[in-house]
Amino acid sequence: MEPKKNPKADVGRNSALYFVIGLAAVLALVYGAMEWKKYDKVNDYDISMNVEDQLDEEVPMTEQIKTPPPPPPPAAPEVIEVVEDEEEVEETVIESTETSQEEEVIEIEEVEVEEVEEDISVPFAVIEDVPVFPGCENAKDKKACFQEQMQAHIRKNFRYPEIAQEMGVQGRVSVIFVIQKDGSIGNIRMRGPDKNLEAEAMRIIQKLPKMTPGKQRGRPVKVPFSIPITFKLQ
């Protein structure tokens, strides 16, 4: 015979009910924990404003703008006296400055104005009539003849300074002089590597003869001329 089981002794018969009750309890706890709110303790502060302290603020000093006084009224016009027609008014008579036919006219002689000659210097390269070196009077190209005669004069009078030869000094001396309005040579200037070479160049230029002066527009003028003199040891 099979043993019979008492239905009251069956433990699992209400398990589903217990499960639902437990689940509902857990959900209720979770929901309560999530919805729980905590508030900080509120302190009671005195928020009333002290009106007397507020009114003690410093008021900035403002400068009072002074308005200028109004301009004085215009002066009253002077009283103009009206002269009656019966009174005589003296008239000012203006005499004429024109001469009459009876007066004698003095003739003034013509005043001669002396022309002041301007001290003009015209470079040798642009002057109309170049200075004429002695011996170039009949030459067609007087400018080329002038330069040839200058070179011949330098070669003829050239002397190498002995002191410069002993010291081995050589170089080029640049010479500038002016052919004056009377044909003489003046205002000689030079620059070179040694004083002895400059002195020799001065001596050569001073020996130049008097020339026919250069002319610009038919008038004699000063003509500056420059030439280099080369000193070279053999």
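Please read these numbers as outputs of a predicted model, since none were measured by experiment.

A. Region of interest: the overall build of the chain. A tally of regular secondary structure across the chain gives five helices and five strands. Going from the N terminus to the C terminus, the chain shows its helices and strands as α-α-α-α-β-β-α-β-β-β. Burial analysis of the chain (234 residues in total) assigns 18% to the buried set. Sequence-distant contacts, at least 24 apart, represent 69% of the contacts inside the chain between residues at least 6 apart. In the structure as shown, the chain presents an accessible area of about 22,000 Å², 53% of it carried by carbon and sulfur atoms.

B. The arrangement of the UniProt feature "transmembrane region" (unreviewed entry) in the chain in detail. Cross-referencing UniProt, the feature "transmembrane region" (unreviewed entry) maps to residues 16-34 in the present numbering. Here residues 16-34 runs as 100% helix and 0% strand, with 27 Å between its end C-alpha atoms.

C. Local environment of the pattern of salt bridges. Per the stated rule, a full pass over the model turns up one salt bridge. Put simply, Glu200 and Arg203 hold a salt bridge, and the shortest N to O gap is 2.6 Å. You can see Glu200 and its partner Arg203 sitting in helix α5 (residues 195-206), three residues apart, about one turn around the helix. By relative accessible area, which is 30% here, Arg203 ends up partly exposed.

D. Layout of α5. With twelve residues, α5 ought to run about 16 Å at 1.5 Å a step, and its terminal C-alpha atoms sit 16 Å apart, in line with that. Among the residues making up α5, those that are buried are Leu197, Glu200, Ala201, Ile204 and Ile205. Viewed along the axis of α5, the buried residues span an arc of 135°, placing them on a single side of the element. In α5, those exposed residues whose orientation departs by more than 90 degrees from the buried face are Lys195 and Gln206. For α5, the elements touching its buried residues are α3 (142-157), α4 (162-167), β1 (171-179), β2 (185-191) and β5 (223-231). Measuring from the backbone nitrogen of Asn196 back to the side-chain oxygen at the start of α5 gives 2.9 Å, which picks out Asp194 as the cap.

E. Looking closely at the pairing of β1. Judged from the nine bridges that link them, β1 and β5 form a sheet pairing that is antiparallel. Residue pairing in the sheet places Ile176 in a bridge with Ser226 of β5. Taken together, the five bridges between β1 and β2 define a ladder with antiparallel strand orientation. Each residue of the ladder has a partner; that of Val178, found in β2, is Gly186. In this antiparallel pair of consecutive strands, β1 and β2, the connection spans five residues, and Gly183 shows a positive phi of 95°.

F. Examining the nonpolar core more closely. In terms of nonpolar packing, the biggest core is built from 31 residues, with Phe146, Met150, Val175 and Phe177 touching the most fellow members. Every element with two or more residues in this core is listed here: α3, β1, α5 and β5. When residues of this core are assigned to their parent elements, the largest contribution, five residues, is made by β5.

G. Representation of the packing of aromatic side chains. In total, this model carries eight aromatic pairs according to the counting rule given. Seen in terms of ring centroids, Phe158 and Phe231 are 5.0 Å apart; in terms of plane orientation they differ by 40°. Their pairing is tilted. Here the residue Phe158 occupies a position in the loop between α3 and α4, and Phe231 occupies one in strand β5, the gap between them amounting to 73 residues. Residue classification places Phe158 among the partly exposed residues on the basis of a relative accessible area of 26%. Taken together, a centroid distance of 5.6 Å and an interplanar angle of 50° make the contact between Phe177 and Phe225 tilted. Here the residue Phe177 occupies a position in strand β1, and Phe225 occupies one in strand β5, the gap between them amounting to 48 residues. Overall, Phe177 belongs to the buried group, its relative accessible area being 0%. Judged by relative accessible area, Phe225 falls into the buried class, the value being 8%. Every member of this aromatic cluster is reached through a ring pair, and the members are Phe124, Phe133, Phe146, Phe177 and Phe225.

About the criteria used
- Residues numbered from 1 in each chain as written.
- Predicted model: local features only at pLDDT ≥ 70, side-chain atom pairs only at ≥ 80, totals over all residues.
- Heavy atoms only, no water.
- Helix = DSSP H or I, 4+ residues; strand = E, 2+ residues; numbered from the N terminus.
- Buried < 20%, exposed > 50% of the residue type's maximum accessible area, 1.4 Å probe, protein only.
- Contact = heavy atoms within 4.5 Å.
- Areas by Shrake-Rupley, 256 points an atom, 1.4 Å probe, with all protein chains shown as cover.
- UniProt positions renumbered as here; feature names shortened; annotations may be inferred.
- Salt bridge = Lys/Arg side-chain N within 4 Å of Asp/Glu carboxyl O.
- Expected span 1.5 Å × (residues − 1).
- Arc of directions from axis to C-beta.
- Polar contact = N/O pair within 3.5 Å; in protein donor to acceptor, adjacent residues only side chain to side chain.
- Pairing = 2+ DSSP bridges.
- Core = buried A, V, L, I, M, F, W, Y, C linked by side-chain atoms within 4.5 Å.
- Phe/Tyr/Trp six-rings, centres within 6.5 Å; stacked < 30°, edge-to-face > 60°.

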